[in-house]
Structures are given as structure tokens and as C-alpha cells.
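Chain by chain, the residues:
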Amino acid sequence: MKTRVCIIGAGPAGLLLGHLLRAEGVECVVIERQTPDYILGRIRAGVLEEITVSLMARLGLDARLRAEGLPHGGFNLADGERLIRIDIADLTGKQVVVYGQTELTRDLMAAREERGLEVVYEAADVALHDVESDAPFVTYTKDGTEHRVDARFVVGCDGFHGPSRKAIPAGVAKEYLREYPFGWLGILADVPPCNHELIYANHERGFALASMRSESRSRYYVDVPLTDRVEEWSDERLWDELAIRLGPEAAAHMTRGPAIEKSIAPLRSYVFAPMRHGSLLLCGDAAHIVPPTGAKGLNLAASDVHYAAEALTGYFRRNDAEAIAAYSDTALARVWKSERFSWSLTRLMHRFPEDGPFERAMQVAELDYIASSRAAQTAIAENYVGLPV
Ligand code: RFL
Ligand code: PHB
């Protein structure tokens with residue numbers, strides 16, 4: 001098969017990019033290892049920035065998002081008894097939308113046929129070839145047959161474990177990594193949320209987050225040592241722990257219920273640079289990971305895709321290669337700012353095992369400052385709602 005852009009991975013980044021290119025008349029195909037059901041079974045991000053919402057709107061695929069998404073004009077930082085509300089609407093004039101990654105992906109998947117976006121699911125042994133040349137190609141096997149896709153560009157949207165990043169030689173790349181000494185244990189349950197806005201809590205027993213997917217579906221997290229296994233956390237133990245860490249006010253409004261999903265995700269900060277090598281561009285988790293504190297992962301994937309779509313459209317419609325050449329620098333400038341925000345909010349809201357009284361005093365001082373300063377709240381709100389693209 002011959003096409004202009006071969007996209008690897010049909011997560012949110014790959015599907016968004018595919019739809020944006022199709023909307024501009026740029027021929028492309030998406031190659032994905034898993035089945036649609038497998039992808040929709042993954043419970044991940046829940047908070048959308050304006051960039052993500054606006055890309056869905058530009059595609060005209062935002063009907064359900066508008067109808068079912070919950071606009072949030074604020075969120076809360078809790079520290080012991082204290083609750084600091086960050087009024088993002090008042091401080092920035094913008095808001096975020098609570099709408100699950102699963103639902104966003106479902107909307108993008110559902111529009112494939114109508115928009116003529118070709119996605120090959122269950123493609124095994126995906127491999128990239130000749131990415132340094134102007135004629136790269138991708139091979140894969142499906143149903144026992146080997147296939148080859150020739151393209152002008154390959155875009156790696158294949159997440160942290162995909163093959164795309166590995167196709168860039170170590171000699172030209174640099175990796176930045178920070179691992180955290182805990183993971184987030186998440187629970188999804190069909191119970192109403194304990195609060196109408198998100199609460200990020202720093203308790204002496206550890207971090208907790210109260211989030212949601214809808215008025216009747218809640219998502220909660222606590223941080224746990226990396227050695228903990230999900231089986232050690234019965235629903236009851238987890239609800240008890242959430243009630244303690246989120247504080248008496250939230251606990252009083254918390255409805256318990258059986259877990260629909262429960263899993264532990266490790267936390268890391270990771271950046272791979274450059275995000276382009278020859279004819280290969282990387283987008284989303286394929287190039288970077290943020291800890292979930294701040295809800296940046298999916299939104300960063302969306303901003304990468306925005307830059308990549310602009311660059312590829314410019315190349316095919318106006319014969320303009322400049323934005324392709326600048327793609328890595330453009331995307332990384334925003335990536336690093338989100339990395340910084342996610343890292344600093346993680347630092348502020350978690351109890352690190354190596355921390356002593358000094359580090360705790362620094363957290364208290366920073367939270368005091370945030371509570372009393374509109375400037376500090378604005379800085380947080382501006383980052384939370386999403387920096388401009
Ligand atoms: P994805 O969603 O990982 O999609 C990548 C796609 O590539 C496919 N793939 C391959 N395809 C072909 N051949 C191969 N060899 C392939 N290898 C992989 C995969 O099957 C998949 O379909 O990356 P993308 O599109 O860049 O989107 C990024 C977001 O998914 C990610 O940033 C966020 O979900 C991160 N994240 C969270 N972000 C938040 O903002 N809030 C959260 O609560 C949150 N929770 C999470 C998360 C990420 C997690 N991971 C990756 C372990 C929880 C988890 C468990
Ligand atoms: C979620 O609802 O899954 C969620 C919300 C906010 C975060 C992380 C995860 O910062």
C-alpha cells in the first residue's frame with residue numbers, strides 16, 4: 001500500500017492526527033496492534049484542556065463531548081483540614097472539561113467510516129524502515145500475511161512501549177527520566193462524586209485524588225508504594241483510605257460502591273528529544289510521559305498532534321517543509337512546560353519516602369503562599385487549564 005502519512009498507534013494521538021489529516025485531504029493510514037475493544041477497556045485520563053476540546057470541535061466530533069462532558073471552572077488542593085480552591089474560570093477566563101479518554105477515543109473510533117479514515121487493527125510485528133530517507137516504509141503482519149506501507153512520513157503515536165521511538169538511533173537522541181517512588185492506585189465506580197470539583201489531597205498518610213467521569217461515575221486515586229499489588233487493596237480498604245486522606249468533609253459526601261476497574265500505574269517524568277528524525281515524527285506518549293498529577297498526558301498528546309497536523313498539511317498543501325523542520329523544537333517547548341508543571345504539582349502534593357521535616361515545611365510554605373496569593377493561584381490555573389499552543 002502507498003500513502004502519504006503512515007501513523008502507528010490508534011490511541012487518542014493517532015486517531016486525532018488521522019482525522020485532522022483526512023479533514024485536510026491528506027491521505028493517511030493508521031496501524032494499530034490491539035483491537036478496538038482492548039483500547040476502549042483502558043481507563044486513563046479524565047480532564048480535557050481547551051486544545052483537546054477545540055481539536056474535537058474543529059473535526060465536528062464534539063457533539064457528545066459537549067452534551068456529556070462536565071465543564072469545570074475550578075479544582076481544589078487539600079492539605080490536612082485546609083482546602084484551597086483554584087478558581088480557574090475567574091483567574092484565566094477558561095475552563096477544563098471532564099470527559100474520559102475512553103469516551104474521546106470512542107468518538108474518534110466511531111467516526112472512522114464516515115470520515116474515510118482507514119485504521120488497521122490487530123497488526124503484529126510493526127516495524128519502521130528507512131526513516132532517515134524521503135521514502136520510509138512500515139511493515140506488519142496481519143492474519144499471517146506480511147504487509148508493507150510506503151509513505152512520505154511516518155508518525156509514531158504508539159505510546160511509551162511502541163517501536164517508533166526505538167527507530168531513532170541512540171546517537172542522535174537524548175533521554176530525560178525521573179522515576180517516582182510510588183504509583184497511583186485508581187478505582188472507577190458507579191457512584192456519584194463526593195464533590196462537584198476535583199480534590200487533590202496531600203495527607204500525612206499520602207496523596208489522594210477525588211475525580212469523576214460523570215455525575216454518576218467516580219474516579220479516585222491514592223498513591224501506594226511501587227511494591228504494592230492491586231490484590232492487596234480490597235475495595236473496602238481503598239474506600240477507607242480515601243476517606244482518611246481526602247478529609248472528613250469529602251468523606252461525609254463519599255458514596256462507596258464496587259470497583260468497575262482498579263489498577264496501579266507507576267509515575268514517571270520522561271522526555272525523548274528530538275521528536276523528529278528524518279521522515280519520522282513522534283507524538284504523545286511515544287515521546288514523553290508526565291506523572292498524572294495535573295492531568296497533562298492526553299492533552300500534551302493533543303498539542304503534539306496539533307503541531308504535527310499543521311506541519312504535515314503545510315508540507316502537502318503548500319509544499320512548505322519549514323514547520324516539519326521546526327516540529328521537534330515547537331512541540332518540545334510546550335512539552336517541557338507541562339513536564340515542569342506535572343513534576344512540581346507531584347512534588348507539592350505527595351509525601352516522598354526520602355523527605356524529612358524540611359521538605360514538608362517547604363510544602364506547607366508553598367501551600368500557604370498559594371492560599372494567600374492571587375498571582376500564585378493564577379500561575380497554577382494557567383498551567384492547569386493548558387498553556388497556549
Ligand atoms: P496511547 O494511548 O498509549 O496509545 C498508543 C497506541 O499505540 C498502540 N501501539 C502499537 N501499535 C502498533 N504497533 C505497536 N507495536 C504498538 N505499540 C503500541 C497502542 O496499542 C495504543 O493504542 O498513547 P497516546 O495516543 O500518545 O495518548 C497518550 C495518553 O494515552 C496518555 O498520555 C494518558 O492516558 C496518560 N495517562 C493519564 N493521563 C492523564 O492526563 N490522566 C490520567 O489519569 C492518566 N492515567 C495514563 C493514565 C497513562 C497510563 N499508561 C500509559 C500506563 C493511566 C495509565 C495506566
Ligand atoms: C482522572 O480523572 O483520571 C484524573 C483527573 C485528574 C488528574 C489525573 C487523573 O490529574
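In what follows, the accompanying structure is described. (Residues numbered from 1 in each chain as written. Chains lettered and ligands numbered in written order. Predicted model: local features only at pLDDT ≥ 70, side-chain atom pairs only at ≥ 80, totals over all residues. Heavy atoms only, no water.)

**Let's talk about the overall build of the protein**
Going by this rule: What counts as a helix is a DSSP run of H or I of at least four residues, what counts as a strand is a run of E of at least two, and both are numbered from the N terminus. For the radius of gyration, the atoms used are the C-alpha atoms, and the globule rule reads 2.2 Å times the number of residues raised to 0.38. Exposure categories follow from relative accessible area, calculated using a 1.4 Å probe and restricted to protein chains: below 20% of the type maximum is buried, above 50% is exposed, and the middle band is partly exposed. By definition, residues are in contact when any of their heavy atoms lie within 4.5 Å. In this description, accessible areas are obtained by the Shrake-Rupley approach with a 1.4 Å probe, and a residue is regarded as covered only by the protein chains that are shown. His is not counted here, nor are the chain ends, while Lys and Arg score as positive and Asp and Glu score as negative. Every charge is mapped onto a representative atom, which is NZ of Lys, CZ of Arg, CG of Asp or CD of Glu.
Looking only at helices and strands, the protein features 13 helices and 20 strands. Computed over C-alpha atoms, the radius of gyration of the protein comes to 21 Å, within 12% of the 21 Å expected from 2.2 N^0.38 for 389 residues, which places it in the range of a compact globule. Each principal axis of the C-alpha atoms in the protein carries an extent, and together these give about 60 × 40 × 40 Å. Among the 389 residues that make up the protein, the fraction classed as buried is 56%. Considering only contacts in the protein between residues 6 or more positions apart, those separated by 24 or more positions represent 72%. Entry remark: accessible area of the protein is about 16,400 Å², with carbon and sulfur atoms responsible for 50%. Side chains of the protein give 43 positive and 55 negative charges; the mean places of these two sets differ by 2 Å.

**Re the sheet that holds strand 10 (residues 137–142)**
Where we set the bar: When DSSP finds at least two bridges between two strands, those strands are taken to pair. The convention used is that axes are lines fitted to C-alpha atoms, helices contributing only their stretch in contact, and that angles between N-to-C directions extend from 0 to 180 degrees.
With antiparallel pairing, the three strands of this open sheet are ordered in space as 9-10-11. Looking along the sheet, the strands with just one partner apiece sit at the ends: strand 9 (124–129) and strand 11 (145–150). Strand-to-strand, the axes of this sheet are offset by a mean angle of 15 degrees, without reference to chain direction. The pairing of strand 9 with strand 10 spans four bridges and is antiparallel. Among the inter-strand pairings, Ala127 is bridged to a residue of strand 10, identified as Thr139.

**What about the site of ligand 2?**
Heads up, the condition is: If even one non-hydrogen atom of a residue comes within 4 Å of a molecule or strand, that residue is called near it. We define a polar contact as two N or O atoms separated by no more than 3.5 Å, with the added condition that, inside protein, one atom must be a possible hydrogen donor and the other a possible acceptor, whereas residues neighbouring each other in sequence contribute only through side-chain atom pairs. Following the grouping adopted for this structure description, the nonpolar residues are Ala, Val, Leu, Ile, Met, Phe, Trp, Tyr, Cys and Pro, the charged ones are Asp, Glu, Lys and Arg, and the polar ones are all others, Gly among them.
Near ligand 2 there are 14 residues, and of these Tyr200, Ser211, Arg213, Tyr221 and Pro292 occur at the shortest range. Within the backbone of Ala295, a nitrogen or oxygen atom sits 3.1 Å from an oxygen atom of ligand 2. Within the complex, 97% of the 280 Å² of free accessible area of ligand 2 lies under protein. Looking at the shell around ligand 2, the elements with two or more residues in it are strand 15 (206–214) and strand 16 (217–225). Per element, the largest residue contribution to the shell around ligand 2 is three residues, and it comes from strand 15. A breakdown of the residues in the shell around ligand 2 according to their chemical character gives eight nonpolar, three polar and three charged.

**Considering empty space enclosed by the protein**
Our working rule: Both site types are read off a 1 Å grid over the protein atoms alone. A 1.4 Å probe that fits but cannot get out defines a cavity, while an open set with protein on both sides within 12 Å along at least five of seven lines defines a pocket; lining residues have an atom within 4 Å of a point. Grid points are joined across faces, edges and corners, and a volume is the space filled by probe spheres set on the points.
Within the structure shown, the criterion is met by two cavities of 30 Å³ or more. Volume-wise, the largest cavity comes out at about 40 Å³. Along the walls of the largest cavity sit Pro12, Ile39, Arg42, Gln101, Thr102 and Thr105, which together make up its complete lining. If you tally residues by element for the lining of the largest cavity, the top one is helix 6 (residues 101–110), at three residues. In the lining of the largest cavity, the residues fall into two nonpolar, three polar and one charged. What the second largest cavity holds in volume is close to 30 Å³. Every residue lining the second largest cavity is listed: Glu49, Lys296, Arg334, Lys337, Ser338, Phe341, Asn383, Gly386 and Leu387. Among the elements that line the lining of the second largest cavity, the one with the most residues is helix 11 (residues 322–349), at four residues. Classifying every residue of the lining of the second largest cavity by side-chain character gives two nonpolar, three polar and four charged.

**Description of the pattern of salt bridges**
Let me state the cut-off plainly: Salt bridge, as used here: a side-chain nitrogen of Lys or Arg that lies within 4 Å of a carboxyl oxygen of Asp or Glu.
A full pass over the atoms with the stated rule returns 29 salt bridges. The partner of Glu103 in a salt bridge is Arg64, and the shortest N-O contact between them spans 2.8 Å. Within this pair, whereas Glu103 is found in helix 6, its partner Arg64 is found in helix 4 (residues 63–68), the two being separated by 39 residues in sequence. Judged by its relative accessible area of 22%, Glu103 falls in the partly exposed class. Its relative accessible area of 24% is what places Arg64 among the partly exposed residues.

**Digging into the side chain of Glu32**
Of note, Glu32 is situated in the loop between strand 2 (28–31) and helix 2 (36–40). There is no salt bridge for the buried Glu32, and the closest opposite charge comes from Arg42, which lies 5.3 Å off by N-O distance. Among the polar contacts made by the side chain of Glu32, one reaches the main-chain amide nitrogen of Gln34 at a distance of 2.8 Å. Contact partners of Glu32, with chain neighbours within four places excluded, come to Gly9, Ala10, Gly11, Ile39, Val120, Tyr121, Glu122 and Ala123.

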